[in-house]
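# Topology and contacts: notes
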Amino acid sequence: MTRRKVVVVGAGPGGLTAAMLLANRGYQVEVFEKQPVVGGRNAAMKLEGFTFDLGPTFLMMPNILEEMFERTRRSVHDYLDMRPLDPLYRLIFRDGTEVRPSPDPVKMRAHIADLFPGNEAGYDRFVAREREKYSRLVPCLQVPYSSPMDFMSWRFARALPYLDAHRDLYSYLGDYFSDDRLKTAHTFQAKYLGMSPWECPATFSMIAYIEHSGGIHHPIGGLNAISAAMAKVVEEEGGSIHLGDEVSEILVQGGRATGVRLGSGKEVRADHVVLNADFAHAMNKLVGRQHLRKWTPEAIERKTVSCSTFMLYLGVDKLYDIPHHNIFFAADYRHNVDEIARHMVLSEDPSFYVQNACVTDPGLAPEGQSTLYVLVPIANNRSGIDWEREKGRYRDKILDYLETRAGLSDLRRHIVVERMITPRDWEESHDVYRGAVFNLGHSIGQMLIFRPHNKFEDIKGCYLVGGGTHPGSGLPTIYESGRISAELILREDARL
């Protein structure tokens, strides 16, 4: 059998998934990554002996990751040491209430009874329905959508009563919980999609269930260790990964992708191209306008895109006594969310997240020291916010909140090393369209067939992976996008 060649643009989690699956099936695979490290937004950031995850810090559904490795006849546990967390995270409200969800259902029910008496029965009903929703909806996210006929399957018909797309996530939780804090504890996950809980479809209520039922895990070394493990599998299977080697253009001839042109001017030919760059960025920068019909830059500009994030990565000379994951809510959470999603202004009372990973993984920092990863959801760059002018002031505001609201006393005195990333940096240094780190929005009108197809509809021989295509953002779904695209290539070549 002739050995066919695949070029993968970008060594993010979706591209690496597709690369290792295709290399395992005998393809000649070459991955080109602009940055000097693998991972894309799932990469490691190393600062003077401290190791941070650049992007994702929550690992849910490790079974999906296990399956990807099993498809190459490997065990992910030979490559990664994944530690379950309990509590999953700590949620801190301005009235002093702290919610610490547990993956243990008995412990979780007792916790709700203690903090929100009378809501235990609602939690039981929530878990029962979300368990059924999960069993019906997840199979719909594991197949490609390329035609309206894909909605006619028995699989989709079974899921339809549980889609809940006609309701927003926050009001839907009112069916189960009477306390607004408990609703927030089960709807803040909309932020994983870069959306407001008051605009996010109730379809995504199952994310909280996924956390509670399957747990949240931390791979030792950080989530970036997943990317490193996948890259190792690619190379073990004979694939090549070229770091610091930028792709400047997707080559197209007769409506079909034929390879890529590198920044050096060199052309690399291929039978298939897997595009793992930020989708909207790629349509604006890597594909000639003449080759696009549906997904033109003008069409993309009319689409809803997610929020962005303001980031601080702090190496400190002590270990703070707080859990691994911590989320602090604004006094008026809905107003804070509206400032981000609707008004697109800087919030003076923001919600924010702090990861204190060294309580689980001390090797991320020099002995006796630790890493603090701070994320503030913020408007994307359609806001027009001047980050060169605002970044210093906003950094100081967030440090003030860390020292007061988060209880990290005298934090400034303990900072050894620091890096900041603004929405402008996401766009200019990391090629994220409009700084929208969660890609295209996840409204129903931008999901399934309405999202860019894995088998890209504008260019033959080009396959999409990552958060900008089906099934959407989040590591488990991005891994699925890599698997779906790999299987579409195998099917096109009559190898599946």
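As the structure is a computational prediction, the values presented were derived from the model and not from experiment.

### Focus on the environment of His-470
Note on placement: His-470 falls in the loop between strand 19 (462-464) and helix 16 (475-492). Sequence-wise, His-470 and Ser-485 are 15 residues apart; in three dimensions their C-alpha atoms are separated by 9.9 Å. With residues near it in sequence (within four places) discarded, His-470 still touches Cys-140, Leu-141, Val-143, Pro-144, Tyr-145, Leu-448, Arg-451, Pro-452, Asn-454, Ser-481 and Ile-484.

### Quick notes on the sheet that holds strand 19
The parallel open sheet is built from five strands, whose spatial order is 9-2-1-13-19. Each end of this open sheet is capped by a strand with a single partner; those strands are strand 9 (240-243) and strand 19. Neighbour-to-neighbour, the strand axes of the sheet open up by a mean angle of 20°, direction not taken into account. As paired strands, strand 1 (residues 5-9) and strand 2 (residues 28-33) are joined by five bridges and run parallel to one another. Paired with Val-6 across the strands is Val-29, a residue of strand 2.

### Remarks on the pairing of strand 3 (residues 44-47)
In strand 3, alternate side chains face the same way, and those of Met-45 and Leu-47 are buried while those of Ala-44 and Lys-46 on the opposite face are not. Sheet topology note: the strand 3/strand 4 (residues 50-53) ladder contains four bridges and is antiparallel. From the neighbouring strand, Ala-44 faces strand 4, where its bridge partner is Asp-53. Two successive antiparallel strands, strand 3 and strand 4, enclose a turn made up of two residues, where Glu-48 displays a positive phi of approximately 50°.

### Looking at the packing of aromatic side chains
Centre distance and the angle of the planes are the two values used to describe a pair of aromatic rings. By the definition in use, this model includes 30 aromatic pairs. Between Phe-58 and Tyr-89, the ring centres sit 6.0 Å apart and the planes meet at 20°, which makes this aromatic pair stacked. Taken together, the residues Phe-58 in the loop between strand 4 and helix 2 (62-70) and Tyr-89 in the loop between strand 5 (82-84) and strand 6 (90-92) connect sequence positions 31 residues apart. You can call Phe-58 buried: its relative accessible area is 15%. Seen from their ring centres, Tyr-145 and Phe-151 are 5.7 Å apart, and the 40° between their planes marks the pair as tilted.

### Side note on the pattern of salt bridges
On inspection of all chains with the given rule, the structure shows 49 salt bridges. As a salt-bridge pair, Glu-388 and Lys-391 come within 3.3 Å of each other at their nearest N and O atoms. Here Glu-388 pairs with Lys-391, and both are found in helix 13 (residues 387-404), just three residues apart, close to one helical turn. Accessibility expressed as a relative area gives 44% for Glu-388, which makes it partly exposed. Measuring nitrogen to oxygen at the nearest pair gives 3.0 Å for the salt bridge that ties Glu-390 to Arg-393. Separated by three residues within a single helix, Glu-390 and Arg-393 lie in helix 13, roughly one turn from each other.

### Considering the sheet that holds strand 11 (residues 256-262)
Read across the sheet, three strands follow the order 10-11-12 without closing on themselves; strand pairing throughout is antiparallel. Looking along the sheet, the strands with just one partner apiece sit at the ends: strand 10 (247-253) and strand 12 (267-269). Pairwise comparison of adjacent strand axes, ignoring direction, gives a mean angle of 30° for this sheet. Relative to strand 12, strand 11 runs antiparallel, the two being bridged by three bridges. Bridge pairing in strand 12 links Arg-261 to Glu-267.

### Examining helix 12 (residues 333-343)
By the burial criterion, the buried members of helix 12 are Tyr-333, Asn-336, Val-337, Asp-338, Glu-339 and Ile-340. Of the surrounding elements, those touching the buried residues of helix 12 are helix 7 (180-185) and strand 17 (370-378). Of the residues flanking the end of helix 12, it is Met-344, one or two places downstream, whose phi is positive at about 55°.

### Here's the deal with the packing of helix 2 against helix 16
Pairs of packed helices are described in terms of their axes, by the angle between the two and the distance that separates them. In the contact formed by helix 2 and helix 16, the axes pass within 9 Å of each other and the chain directions differ by 25°. By the angle between their directions, the pair helix 2 and helix 16 is classed as roughly parallel. Classified by chirality, the crossing of helix 16 by helix 2 is left-handed. Contacts between helix 2 and helix 16 involve Ile-64, Leu-65, Glu-67 and Met-68 from the first element and Pro-476, Tyr-479, Glu-480 and Arg-483 from the second.

### Considerations on the pairing of strand 13 (residues 272-275)
For a regular strand, the rule is simple: side chains alternate between the two faces of the sheet. In strand 13, alternate side chains face the same way, and those of His-272 and Val-274 on one face and Val-273 and Leu-275 on the other are all buried. Two elements, strand 1 and strand 13, share four bridges in a ladder whose sense is parallel. Within the sheet, the bridge partner assigned to Val-8 lies in strand 13 and is Val-274. Across three bridges, strand 13 lies against strand 19 in parallel orientation. Looking at strand 19, one finds that Val-274 is bridged to Tyr-463.

### So, the environment of Glu-487
Structurally, the position occupied by Glu-487 is in helix 16. C-alpha of Glu-487 to C-alpha of Val-38: the two residues are 449 residues apart in sequence and 23 Å apart in space. Leave out the neighbours within four places in its chain, and Glu-487 touches Arg-71 and Leu-496.

### Topic: the side chain of Asp-179
Position of Asp-179 among the secondary structure elements: in the loop between helix 6 (169-173) and helix 7. Look at Asp-179 and you get buried, because its relative accessible area is 17%. Side-chain polar atoms of Asp-179 contact the backbone nitrogen of Arg-181, separated by 2.8 Å. Apart from residues no more than four positions distant in its own chain, Asp-179 is found in contact with Phe-116 and Asn-119.

### Concerning the environment of Phe-52
The residue Phe-52 is located in strand 4 in this model. Relative accessible area serves as the criterion here: at 3%, Phe-52 is assigned to the buried category. Considered as a pair, Phe-52 and Glu-367 are 315 residues apart in the sequence and their alpha carbons are 15 Å apart. Among all residues touching Phe-52, those that are not within four sequence positions of it are Ala-43, Ala-44, Met-45, Leu-47, Asn-224, Tyr-313, Leu-314, Gly-315, Thr-371 and Leu-372.

The rules behind each value
- Residues numbered from 1 in each chain as written.
- Predicted model: local features only at pLDDT ≥ 70, side-chain atom pairs only at ≥ 80, totals over all residues.
- Heavy atoms only, no water.
- Helix = DSSP H or I, 4+ residues; strand = E, 2+ residues; numbered from the N terminus.
- Contact = heavy atoms within 4.5 Å.
- Pairing = 2+ DSSP bridges.
- Axes fitted to C-alpha atoms, helices over the stretch in contact; angles between N-to-C directions.
- Buried < 20%, exposed > 50% of the residue type's maximum accessible area, 1.4 Å probe, protein only.
- Phe/Tyr/Trp six-rings, centres within 6.5 Å; stacked < 30°, edge-to-face > 60°.
- Salt bridge = Lys/Arg side-chain N within 4 Å of Asp/Glu carboxyl O.
- Parallel < 35°, antiparallel > 145°, perpendicular 65-115°, else oblique.
- Left-handed = near helix turned anticlockwise from the far one by under 90°.
- Polar contact = N/O pair within 3.5 Å; in protein donor to acceptor, adjacent residues only side chain to side chain.

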